[in-house]
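# Survey of secondary and tertiary structure
For reference, the chains in residue letters:
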Amino acid sequence: MLSRRQFLAALAASAVVGACSDSDGDGSAFPGRRSTSTTGPLPRLDGPAFTLGVASGDPRPDSVILWTRLAPDPVHGGGMPDADLPVVWEVGRDERIRDVVASGVATASPRHAHSVHVDATGLEPARTYWYRFRVGEEESPVGRTRTAPEDDATPERLRFAFASCSHWQDGYWTAYPHLAEEDLDLVVFLGDYIYEGDPNPAKVRQHNSPRVRTLEGYRNRYGLYKGDAGLQAVHAAFPWVSVWDDHEVANDYGGDTEPLGTPPDEFLRRRAGAYQAWYEHMPVRLEAPRGPDYRMYRSVPYGRLAAFHLLDERQYRDPLACDASIGTLCEEAEDPARTMLGEDQERWLAERLDRSGATWDVLANSVVLSKTAIPIGGQDIFNLDQWDGYPPARQRMLDLLAEREDGNAVVVTGDLHASGVGDLLADFEDERSRAIATEFLGTSISSEFDEDYLDIAERAVRQAPWVQFFEARHRGYVHCEVTPDALRSDYRFVASVDQPESTIGTASSWVVEAGNPGAQEA
Ligand SMILES: [Fe+2]
């Protein structure tokens, strides 16, 4: 609770800032450098406010979402007073933000863990900007971002990287400082940004609490993860477009059900807290959730060159079939009523692809879409948490991609903690059917691929002629360059995640030509 003095100070500060906002005519929201009275006095914070850095995301031709969170003590509830605080933001055309083009005052509220999502509008298309925040006298680090090209523009090239699966305990995030140094328009994150599990003393670093199940627990877990300097550097370097996978809530969950058997009403309460904490920590162009139902799926177009379709493969899916996450396919899995995306999202995606004027439609897809049968003891075993556990839903997805004759669909995938390149066949039950699109599977930032499964994974790949490349021993990310003629993927692997720093190198490169689905080694 605030003292009376702190409360009055906060009130006064909000009133003063609210009144002047960015309306002082010179375009600067940081007039405190000339007149320190503008945003003060504020309640004294028990430490630096911007411990979790800054971020931007979901760019449009004229705007981008800017994010920060005030959190002097991010792993213990944030350490903020229980009051709304004004946060000044500004965007400039130069690194030192002298040439300010947009500014304003946002409110950091305890309702959303003092996170701030600003829609910075009035920007020019396909342009780099720098931004920062200020609370009281404290300035945030400067972030860099970039707007999308105009809707009818065809840029010569677009560069993005995609990444997923950053388990705090499995390894150091040695890829992130290298990712921050790339020359990119944006980063696509495919989920498992946090992991919800218990501490494990055998690992290189430990979680800060037992398995998280509450809003407060998830917030503290994001507080831990987002304290990583390399991750902060990547957020500060590029706009991100992000989806979630399972570990932002609970392992292998589907809809209102998780394999550990939590009753649905209790699980939905947990899901509501998890989705809220995800929103509070990600630079997403979304309203805050108001409960367990939360539309996250959306598209981010990049002119006529590319469109990113960001999919939710957890909230609407049917729970695991066949009572197992790994097993043989039972009759239940073949039920055409079973869904991965849910009816509404399936319809939405069909419409988006139909209306897309983009040369490249990039689907941000959390779990592997290609068929991957694992031959064990004369039987085909599947990872039933992947699309393999939803064969009719997968066929509907493949039919949708096959229909897009004048477009080029590329599916970028996370979850498996391994790298791969494969043709998506029109019908995986007919090995001779044509390739209709390409799936690029990106390895994890740090999450391990269990060495015990290496052998069977490699065996599975050998009996899948549509898979052209597979590698499970390395961590890293995938760098993509998109032009009107081709999409090239470079698999960037770090040497190690056992030490805080590592070298990085390109291990494998693949190209898809426009109009010719299926990848070729570059
Ligand atoms: Fe993962």
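The sections below set out a description of the structure shown in this document. Remember, it's a predicted structure, so these values are computed and weren't measured experimentally. (Residues numbered from 1 in each chain as written. Predicted model: local features only at pLDDT ≥ 70, side-chain atom pairs only at ≥ 80, totals over all residues. Heavy atoms only, no water.)

Before going further, it helps to examine the overall build of the protein. A tally of regular secondary structure across the protein gives eight helices and 25 strands. A globule of 522 residues ought to have a C-alpha radius of gyration of about 24 Å, and the protein, at 23 Å, matches this closely. When the backbone C-alpha atoms are referred to their principal axes, the protein occupies close to 75 × 50 × 45 Å. Per-residue burial over the protein gives 61% buried out of 522 residues. Pairs at least 24 apart in sequence give 69% of the contacts found in the protein among residues at least 6 apart. As displayed, the protein has an accessible area near 20,600 Å², and 46% of this comes from carbon and sulfur atoms. (Helix = DSSP H or I, 4+ residues; strand = E, 2+ residues; numbered from the N terminus. Rg over C-alpha atoms; globule rule 2.2 N^0.38 Å. Buried < 20%, exposed > 50% of the residue type's maximum accessible area, 1.4 Å probe, protein only. Contact = heavy atoms within 4.5 Å. Areas by Shrake-Rupley, 256 points an atom, 1.4 Å probe, with all protein chains shown as cover.)

Distances from the iron ion to its protein donors, namely Cys165 (SG), Asp192 (OD), Tyr195 (OH) and His417 (NE2), fall within the range 2.1 to 2.6 Å. One can describe the site at the iron ion as irregular: its four donor atoms subtend angles covering 85 to 172° at the metal. The motif formed by the donor residues of the iron ion, counted along the single chain, is C-x26-D-x2-Y-x221-H. In this pair, tyrosine 195 is assigned in the loop between β10 (186-189) and α3 (215-225) and histidine 417 in the loop between β18 (408-413) and β19 (419-425), connecting sequence segments 222 residues apart. (Donors = N, O, S within 2.8 Å, 3.2 Å for Na, K, Ca; no water. Tetrahedral: all angles 85-135°; square planar, octahedral: opposite > 155°, others 65-115°.)

Applying the stated rule across the entire model yields 22 aromatic pairs. Aromatic side chains tyrosine 193 and tryptophan 240 sit 6.1 Å apart centroid to centroid with 75° between the ring planes, which places their arrangement in the edge-to-face category. One end of the pair, tyrosine 193, is in the loop between β10 and α3; the other, tryptophan 240, is in strand β11 (residues 239-242), with 47 residues separating them in the sequence. By the burial criterion, tyrosine 193 is buried, and tryptophan 240 matches it. With a centroid separation of 6.0 Å and an interplanar angle of 35°, the aromatic rings of phenylalanine 469 and tryptophan 510 are classed as tilted. Note that phenylalanine 469 is positioned in strand β21 (residues 467-471) and tryptophan 510 in strand β24 (residues 504-513), a separation of 41 residues in sequence. Grouped by ring-pair contacts, the aromatic residues Trp168, Trp173, Tyr176 and Tyr225 constitute a single cluster. Sitting over the ring of tryptophan 168, arginine 205 keeps its end group 3.7 Å from the ring centre. Over the ring of tryptophan 67 we find lysine 226; its NZ or CZ atom is 4.5 Å from the centre of that ring. (Phe/Tyr/Trp six-rings, centres within 6.5 Å; stacked < 30°, edge-to-face > 60°. Lys NZ or Arg CZ within 6 Å of the ring centre and 35° of its normal.)

Before going further, it helps to examine the sheet that holds β19. The strand order β12-β13-β15-β18-β20-β19-β21 describes an open sheet built from seven strands, whose pairing is mixed. The open sheet terminates on both sides in strands that have one partner only, identified here as β12 (298-302) and β21. For this sheet, the mean inter-axis angle between neighbouring strands, taken without regard to orientation, is 20°. Taken together, the six bridges between strand β15 (residues 360-365) and β18 define a ladder with parallel strand orientation. Bridging from a neighbouring strand, asparagine 365 pairs with threonine 413 of β18. The strands that helix α6 (residues 343-355) touches are β12, β13 (306-310) and β15; relative to β13, the one it contacts most, it runs at about 180°. (Pairing = 2+ DSSP bridges. Axes fitted to C-alpha atoms, helices over the stretch in contact; angles between N-to-C directions.)

We now examine α6. Between the first and last C-alpha of α6 there are 18 Å, a value that for 13 residues agrees with the 18 Å anticipated at 1.5 Å per step. Turning to α6, its buried residues number three or more, namely Gln345, Trp348, Leu349 and Leu353. For α6, the arc enclosing every buried residue in end-on projection is 130°, short of the 170-degree limit, so these residues lie on one face. Exposed and oriented more than 90 degrees from the buried face of α6 are Glu343, Asp344, Asp354 and Arg355. In the core, the buried residues of α6 are packed alongside β12, β13, β15 and α7 (391-403). (Expected span 1.5 Å × (residues − 1). Arc of directions from axis to C-beta.)

What follows concerns a negative patch on the surface. On the surface, Glu351, Asp354, Asp399, Glu403 and Glu405 cluster together into a patch of negative charge. Among the elements of the structure, α6 and α7 are those that each provide at least two residues to the negative patch. Here aspartate 354 is to be found in helix α6. On the basis of relative accessible area, aspartate 354 is assigned to the exposed category, the value being 67%. (Patch = residues over 30% accessible without salt bridge, like charges linked within 9 Å, V, L, I, M, F, W, Y side chains within 5 Å. Salt bridge = Lys/Arg side-chain N within 4 Å of Asp/Glu carboxyl O. Lys, Arg positive; Asp, Glu negative; His and termini not counted. Charge placed at Lys NZ, Arg CZ, Asp CG, Glu CD.)

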